[in-house]
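Residue-level structure breakdown
Residue strings, one per chain:
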Amino acid sequence: NIPHLRNTFFTGREKILEKLHNALNSTNKAALTQTINGLGGIGKTQLAVEYIFRYETKYKIIWWENI
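Only a predicted model underlies this, so the values are computations on that prediction, with no experimental measurement involved.

Considering the nonpolar core
- Counting six residues, the largest nonpolar core is built from Phe 10, Leu 17, Leu 20, Leu 47, Tyr 51 and Tyr 55.
- Contributions of two or more residues to this core are made by helix H1 (14–24) and helix H2 (44–55).
- With three residues, the top contributor of residues to this core is H2.
- The contacts of Leu 20, once residues within four sequence positions are left out, are Gln 34, Ile 36 and Tyr 51.

Observations regarding the packing of aromatic side chains
- Under the counting rule described, the total for this entry stands at two aromatic pairs.
- Between Tyr 51 and Tyr 55, the aromatic rings sit 4.7 Å apart at their centres with planes inclined by 40°, giving tilted as the arrangement. Here Tyr 51 and its partner Tyr 55 are both found in helix H2, four residues apart, which amounts to about one turn of the helix.
- By relative accessible area, Tyr 55 is classed as buried at 18%.
- Plain terms: the ring middles of Tyr 51 and Tyr 59 are 6.3 Å apart, the flat faces sit at 55° to each other, and that makes the pair tilted.
- A relative accessible area of 6% places Tyr 51 in the buried class.
- One aromatic cluster is present, formed by Tyr 51, Tyr 55 and Tyr 59 through successive ring pairs.

Procedures and definitions
Residues numbered from 1 in each chain as written. Predicted model: local features only at pLDDT ≥ 70, side-chain atom pairs only at ≥ 80, totals over all residues. Heavy atoms only, no water. Core = buried A, V, L, I, M, F, W, Y, C linked by side-chain atoms within 4.5 Å. Buried < 20%, exposed > 50% of the residue type's maximum accessible area, 1.4 Å probe, protein only. Helix = DSSP H or I, 4+ residues; strand = E, 2+ residues; numbered from the N terminus. Contact = heavy atoms within 4.5 Å. Phe/Tyr/Trp six-rings, centres within 6.5 Å; stacked < 30°, edge-to-face > 60°.

These values are about where atoms sit, not about what they do.
What follows is the structure, encoded as C-alpha cells:
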C-alpha cells in the first residue's frame, strides 16, 4: 500500500537510515513509532520510502498514512 515507487537515485543518509532502523527494532514489545520532520523538500518522504524498501522483509505489516 505504499503510494511511491523506490527512487533508484537515492544515495546517502546511511546514518539516518541505520538510526531509524535501530530505533524501530528495540527489544520493547510495544508498538513503536518514529517521526521524520524538517522543512519541505528536504527528502523526508524519500527517506521513509527508502527505509520501507530496504527493510520491508523485517516487518509483518507496513502502513502508509497520508495525514
